[in-house]
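A closer look at the structure
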Amino acid sequence: MTAALRPADPIVVKVALGDRTYDIVIGRGLLASLGRRVAMLRPATKAAIICDDAVASLYLPAAAEALAAAGFASISVVVGQGEGSKSFSTFERACEELIAARIERGDVVIALGGGVVGDLAGFAAAVVRRGLDYVQVPTSLLAQVDSSVGGKTAINSSHGKNLIGAFHQPILVVADTSVLDTLAPRQFRAGYAELVKHGLLGDAAFFSWLEANVADVFAGTGAREHAIATSCRMKAEIVARDERESGERALLNLGHTFGHAFEAAAGFSDRLLHGEAVALGIACAFELSAKRGLVAPAETERVARHLAAAGLPTRVAEIAGETPSVDRLMDLIAQDKKVKRGHLAFILVRGIGAAFVAPDVDAAEVRAFLTEKLAER
Ligand SMILES: NC(=O)c1ccc[n+]([C@@H]2O[C@H](COP(=O)([O-])OP(=O)(O)OC[C@H]3O[C@@H](n4cnc5c(N)ncnc54)[C@H](O)[C@@H]3O)[C@@H](O)[C@H]2O)c1
Ligand SMILES: [Zn+2]
């Protein structure tokens, strides 16, 4: 390889959590160094790679090889693609396979995949043998900028998303940005929504930077690594200050109370991906804030313009298929875990980069807002 083609040095972001501090390593071609990086932390002899079938056919051999080169014997647990795998049945199978393969305390679980596999494998690692170490190897943009960092792990309940889970921090995150080259464009756009969220909730300068550099982030120049690292840095700092979401961490849910309701109403399906629902939810959070006179309508339009420019939905009419009813959405919102003592807690904004927790938003106000939003064409 010539010097000119050598990948740039990886960017390292620390998640400072005392003796559970870990690094997020970001850069092109990092998958090959996975075994060496894990071996520096744990002199384990065994690793279990959990991934979905699509990622398995693309990257499982390379991951297993990288681990073998550093002396790890590895087994793999392959699950089906998509949100459906965050279920009790898949979770049960993953746990049973880890136990059957005699993955013990001291061994390492590798979550190789998007947010679905990260959440599922992280939760399995949290509970099998009362807790195994695990490493996040996020392969979707969404997982690289958001879900692989912070230790929230979960599966879904029939009552709603992420209702069964645990806080369990990984010991390392390895984000190889070159794997994003095989990600479907729609999935890339969905992940971009969570990047935008990080700018909007607390870093106006980052949002402006994204407006100016969106094309480069999509094109995969160095701007992509910069965007991922900035996003991870913001999340890492919030998680370090409020690991268990007793306060500030809730801001990371910007767009998610509305978003989860839209996502559930669309049946957790291809009709609306998580990141797309978040984009729609962010647009709603800004509009509701504007209605309350908290933020200028021009700011709200600026946000919607950027999301739309990135190919993300901002209007309910953009959800494929049947439009959800306001009753159904209100039921789903009431079921969301961010509801406290009958009040609806929403993350609202006073401007771009200035989100805050509004703990007691009146349900009637939300219903009126959604009724208007649903009528939009
Ligand atoms: N734990 C958290 O803090 C947190 C934060 C945000 C989102 N989430 C969760 O993350 C999930 C969404 O994650 P997601 O959007 O990554 O979905 P996903 O894991 O389903 O991945 C999306 C699709 O892309 C495919 N894929 C992944 N990497 C690929 C690659 N490099 N090349 C080709 N195909 C690839 C997958 O097979 C899948 O079909 C949701 O369940 C959401 O609740 C969790
Ligand atoms: Zn999200």
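To start, this report covers the structure provided alongside it. (Residues numbered from 1 in each chain as written. Chains lettered and ligands numbered in written order. Predicted model: local features only at pLDDT ≥ 70, side-chain atom pairs only at ≥ 80, totals over all residues. Heavy atoms only, no water.)

**Some remarks on the site of ligand 1**
Threshold: When we say a residue is near a molecule or strand, we mean one of its heavy atoms is within 4 Å of it. Pairs of N or O atoms within 3.5 Å make up the polar contacts considered here, provided that, within protein, one atom can donate a hydrogen while the other can accept it, and that residues adjacent in sequence are counted only when both atoms are side-chain atoms. For accessible areas, the Shrake-Rupley method is used with a probe of radius 1.4 Å. Any residue's cover is judged against the shown protein chains and nothing else. We count a stretch as a helix when DSSP gives it H or I for four or more residues in a row; a strand needs E for two or more, and each element gets its number in order from the N terminus. Amino acids outside the nonpolar list (Ala, Val, Leu, Ile, Met, Phe, Trp, Tyr, Cys, Pro) and the charged list (Asp, Glu, Lys, Arg) are all regarded as polar, and Gly is one of them.
Of all residues adjacent to ligand 1, which total 27 residues, the nearest are Asp52, Gln81, Glu83, Ser140 and Thr182. Within the side chain of Asp52, one N or O atom sits 2.6 Å away from an oxygen atom of ligand 1. Side-chain polar atom of Asp119 to a nitrogen atom of ligand 1: 2.9 Å apart, as the coordinates give it. Coverage of ligand 1 by the protein amounts to 90% of the 860 Å² it exposes when considered alone. Elements represented by at least two residues in the shell around ligand 1 include exactly α2 (53-69), α4 (115-127), α5 (141-147), β8 (160-167) and α6 (185-202). In terms of residues, the shell around ligand 1 owes the most to one element, α2, which gives four residues. Among the residues making up the shell around ligand 1, the classes are represented as eight nonpolar, 10 polar and nine charged.

**Focus on the pairing of strand β3 (residues 46-52)**
Threshold: Exposed residues in this analysis have more than 50% of their type's maximum accessible area, buried residues have under 20%, and partly exposed residues fall in between, with area computed by a 1.4 Å probe over protein chains only. A pair of strands is labelled paired if DSSP reports no fewer than 2 bridges between them. By convention, a crossover is right-handed whenever its connection, traced from the first strand over the helix to the second and viewed with the strands pointing away, goes clockwise.
Among the seven residues that make up β3, six are buried, leaving the element largely enclosed by the rest of the structure. Across seven bridges, β3 lies against strand β4 (residues 73-79) in parallel orientation. In the strand pairing of β4, Ile49 is matched with Ser76. Between the parallel elements β3 and β4, the chain passes through α2 in a crossover that is right-handed. Alignment of β3 against strand β5 (residues 108-113), held across four bridges, turns out to be parallel.

**Concerning the layout of surface pockets**
Convention followed: Here a cavity denotes a set of grid points, spaced 1 Å apart and computed over the protein atoms alone, in which a 1.4 Å probe fits but from which it cannot get out, and a pocket denotes an open set meeting protein on both sides within 12 Å along at least five of seven lines; residues with an atom within 4 Å of a point are reported as lining. Grid points are joined across faces, edges and corners, and a volume is the space filled by probe spheres set on the points.
If you add up the space inside the second largest pocket, you get close to 360 Å³. Every residue lining the second largest pocket is counted, 22 residues in all, and those nearest its centre are Thr21, Tyr22, Pro170, Ile171 and Leu172. Of all elements in the fold, only β2 (22-27), α1 (34-41) and β6 (133-138) reach the threshold of two or more residues within the lining of the second largest pocket. Residues that form the lining of the second largest pocket fall into these classes: 11 nonpolar, three polar and eight charged.

**Looking at empty space enclosed by the protein**
Under the criterion given, the structure shown has two cavities of 30 Å³ or more. Taken as a whole, the second largest cavity holds about 50 Å³ of empty space. Taken together, Asn253, Leu254, Gly255, His256, Thr257, Phe258, Ala285, Phe346 and Ile347 form the lining of the second largest cavity. Secondary structure elements with two or more residues in the lining of the second largest cavity: α9 (256-265) and β11 (343-349). Top contributing element to the lining of the second largest cavity by residue count: α9, with three residues. In terms of residue class, the lining of the second largest cavity is built from five nonpolar, four polar and no charged.

**Some words on the coordination of the zinc ion (ligand 2)**
Worth spelling out the cut-off: Counted as donors are N, O and S atoms no farther than 2.8 Å from the metal, or 3.2 Å for Na, K and Ca; water is not among the atoms, and sites may therefore look incomplete.
The coordination sphere of the zinc ion (ligand 2), as far as protein atoms go, consists of Glu194 (OE), His256 (NE2) and His274 (NE2), spread over 1.9 to 2.1 Å. Of note, the zinc ion (ligand 2) draws all its donor residues from one chain, in the sequence arrangement E-x61-H-x17-H. Taken together, the residues Glu194 in helix α6 and His256 in helix α9 connect sequence positions 62 residues apart. This pair shows no difference in class: Glu194 is buried, exactly as His256 is.

**Quick notes on helix α8 (residues 222-241)**
We apply this condition: Here the expected length of a helix is defined as 1.5 Å per residue gap, with one fewer gap than residues.
With 20 residues, α8 should reach 28 Å at 1.5 Å per residue; the first-to-last C-alpha distance of 29 Å fits that figure. Within α8, 14 of the 20 residues are buried, which leaves the element mostly enclosed by the surrounding structure.

**Looking at the nonpolar core**
In plain terms, the rule: For the purposes of this section, nonpolar cores are sets of buried Ala, Val, Leu, Ile, Met, Phe, Trp, Tyr and Cys residues that join through side-chain atoms within 4.5 Å. Any two residues having at least one pair of non-hydrogen atoms within 4.5 Å are treated as being in contact.
Leu141, Tyr192 and Leu200 are the most contacted members of the largest nonpolar core, which has 52 residues in total. Top element by residues in this core is α8. It accounts for nine residues. Residues within four places of Leu200 in sequence aside, it is in contact with Phe207, Leu254, Ile282, Phe286, Val303, Gly351, Ile352, Gly353, Ala354 and Ala355. If you look at the next biggest cluster of nonpolar residues, it comprises 28 residues, including Leu280, Cys284, Leu329 and Leu344.

**Overview of the sheet that holds β2**
What holds strands together in a sheet is hydrogen bonding between their backbones, with the strands either parallel or antiparallel. Here is the rule we go by: Note on definitions: angles span 0 to 180 degrees between N-to-C directions of axes, and those axes are lines fitted to C-alpha atoms, for helices only across the stretch in contact.
Reading across from one edge, β1-β2-β9-β6-β5-β3-β4 is the order of the seven strands in this open sheet, with mixed pairing throughout. Of all the strands in the sheet, the pair left with one neighbour each is β1 (11-15) and β4. Across the sheet, the mean angle from the axis of one strand to that of its neighbour is 20 degrees, orientation sign disregarded. Note that β6 and strand β9 (residues 172-176) share two bridges and pair parallel. Residue Gln136 lies in a different strand from β9, and its bridge partner there is Val173. Contacts from helix α3 (residues 88-100) reach β3, β4 and β5 within the one sheet, and its direction differs from that of β4 by about 165 degrees. Packed on one face of the sheet, α4 meets β3, β4, β5 and β6 and runs near 165 degrees to β5.

So, to be careful, I would describe these as geometric facts and stop short of saying anything about function.
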